[in-house]
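The lines below spell out each chain.
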Amino acid sequence: MLSDTEREEIQKELPRYAHKRAMVPEALRIVQEHRGWVNDEGVRDVAEILAMSVDEIETIATAYNMIFRKPVGRHVILLCDNVSCWIMGSDKLQSRITERLRIAPGQTTPDNRFTLLPSACIGDCHHAPSMMIDGEMYGELTPERIDEILERHP
Ligand code: FES
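In this text, all values refer to a predicted model and were calculated from it rather than measured experimentally.

Chemist: With reference to specific residues and values, describe the pairing of strand S2 (residues 114–119).
Modeler: Counted residue by residue, S2 has five buried out of six residues, so it is predominantly covered. Direction of pairing for strand S1 (residues 75–80) relative to S2: parallel, over a ladder of six bridges. Along S2, the bridge assignment pairs isoleucine 77 with leucine 116.

Chemist: How would you sum up helix H2 (residues 20–35)? Please name residues and give values.
Modeler: Between its first and last C-alpha atoms H2 spans 22 Å; for 16 residues at 1.5 Å apiece the expected length is 22 Å, and the two agree. Of all the bends in H2, the greatest measures close to 25° and is centred on glutamate 26. Those residues of H2 that sit buried are Met23, Val24, Pro25, Glu26, Ala27, Leu28, Ile30, Val31 and Gln32. Summarising the contacts, the buried residues of H2 are in contact with helix H1 (4–13), helix H3 (40–49) and helix H4 (54–63). A positive backbone phi angle near 90° is found at glycine 36, which sits one or two residues after H2.

Chemist: I'd like a rundown of the layout of surface pockets, residues and numbers included.
Modeler: Roughly 270 Å³ of volume is contained in the largest pocket. Taken together, 17 residues form the lining of the largest pocket, with Ile67, Phe68, Arg69, Lys70 and Leu117 sitting closest to its centre. Going through the elements one at a time, H4 and S2 are the ones with two or more residues in the lining of the largest pocket. Across the lining of the largest pocket, the residue classes break down as nine nonpolar, six polar and two charged. Computed from the structure, the second largest pocket encloses a volume of approximately 170 Å³.

Chemist: Describe the pattern of salt bridges, listing the residues and the values that go with them.
Modeler: This structure, assessed with the given rule, holds 15 salt bridges. Within the structure, one salt-bridge network assembled from shared partners comprises Arg7, Arg44, Asp45 and Glu48.

Chemist: How would you sum up the sheet that holds S2? Please name residues and give values.
Modeler: Pairing in this open sheet of four strands is mixed, and the strands run S2-S1-S3-S4 from one edge to the other. Only two strands of the sheet have a single partner each, and these edge strands are S2 and strand S4 (136–138). Pairwise comparison of adjacent strand axes, ignoring direction, gives a mean angle of 25° for this sheet. Of the strands in this sheet, S1, S2, strand S3 (131–133) and S4 are in contact with helix H7 (residues 143–151), which crosses S3 at around 10°.

Chemist: Tell me about the nonpolar core, and name the residues and values.
Modeler: Ile10, Val24, Leu28, Val46, Leu50 and Ile57 are the most contacted members of the largest nonpolar core, which totals 20 residues. Looking at this core, the element that brings in the most residues is H2, giving six residues. The contact partners of leucine 28, leaving out residues within four places of it in the chain, are Val38, Val46, Ile57, Ala61 and Ile67. Ile97, Tyr138, Ile149 and Leu150 belong to the second largest nonpolar core, which has 15 residues in total.

Chemist: Any details on the side chain of glutamate 6? Residues and values, ideally.
Modeler: Mapping glutamate 6 onto the fold places it in helix H1. Here glutamate 6 falls in the buried class, since its relative accessible area comes to 2%. A polar contact of 2.6 Å, which involves the side chain of glutamate 6, links it to the backbone nitrogen of serine 3. Look past the residues within four positions of glutamate 6 in its chain and what remains in contact with it is Ile30, Val31, His34 and Arg35.

Thresholds, definitions, all that
- Residues numbered from 1 in each chain as written.
- Predicted model: local features only at pLDDT ≥ 70, side-chain atom pairs only at ≥ 80, totals over all residues.
- Heavy atoms only, no water.
- Buried < 20%, exposed > 50% of the residue type's maximum accessible area, 1.4 Å probe, protein only.
- Helix = DSSP H or I, 4+ residues; strand = E, 2+ residues; numbered from the N terminus.
- Pairing = 2+ DSSP bridges.
- Expected span 1.5 Å × (residues − 1).
- Bend = angle between axes of the 7 residues up to and from the residue.
- Contact = heavy atoms within 4.5 Å.
- 1 Å grid on protein atoms, 1.4 Å probe; cavity = no way out; pocket = protein on both sides within 12 Å on 5 of 7 lines; lining within 4 Å.
- Points joined across faces, edges and corners; volume = space filled by probe spheres on them.
- Nonpolar A, V, L, I, M, F, W, Y, C, P; charged D, E, K, R; others polar.
- Salt bridge = Lys/Arg side-chain N within 4 Å of Asp/Glu carboxyl O.
- Axes fitted to C-alpha atoms, helices over the stretch in contact; angles between N-to-C directions.
- Core = buried A, V, L, I, M, F, W, Y, C linked by side-chain atoms within 4.5 Å.
- Polar contact = N/O pair within 3.5 Å; in protein donor to acceptor, adjacent residues only side chain to side chain.

Everything listed here is a matter of coordinates, which is why it stays silent on function.
Structure representation (structure tokens):
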């Protein structure tokens, strides 16, 4: 069940949206901010608050790569593997991350430090290859820069 604080924060944002459907990503973001990810209970409660079906909320939740439907580590790496980044070598970056952290895409390190998630375009194509960690963009990446950036996230 969502906490009173979560419910209050969602209710407070509601008047800013002409349609409840448009509020879904923000409501899920609020839940995730409090829990680190959005569990089934969170989806169900958001559906109830916004008077929408669970399936509708689920569809929107899975469309956003910044909404996590499974537990994640302290730092979430969204590694873009869309066409511009792929052409510029995102596969080499993924290999480097996998080698360094010993996790495959979709996995979390045993110490819960990093989760690596493949991602559709993150809107930084002009700096491809790119990734995002905890919402911060990193572009023009090389395997060497990957090492340095990972070190900055204890
Ligand atoms: S294709 Fe990678 S940021 Fe757009």
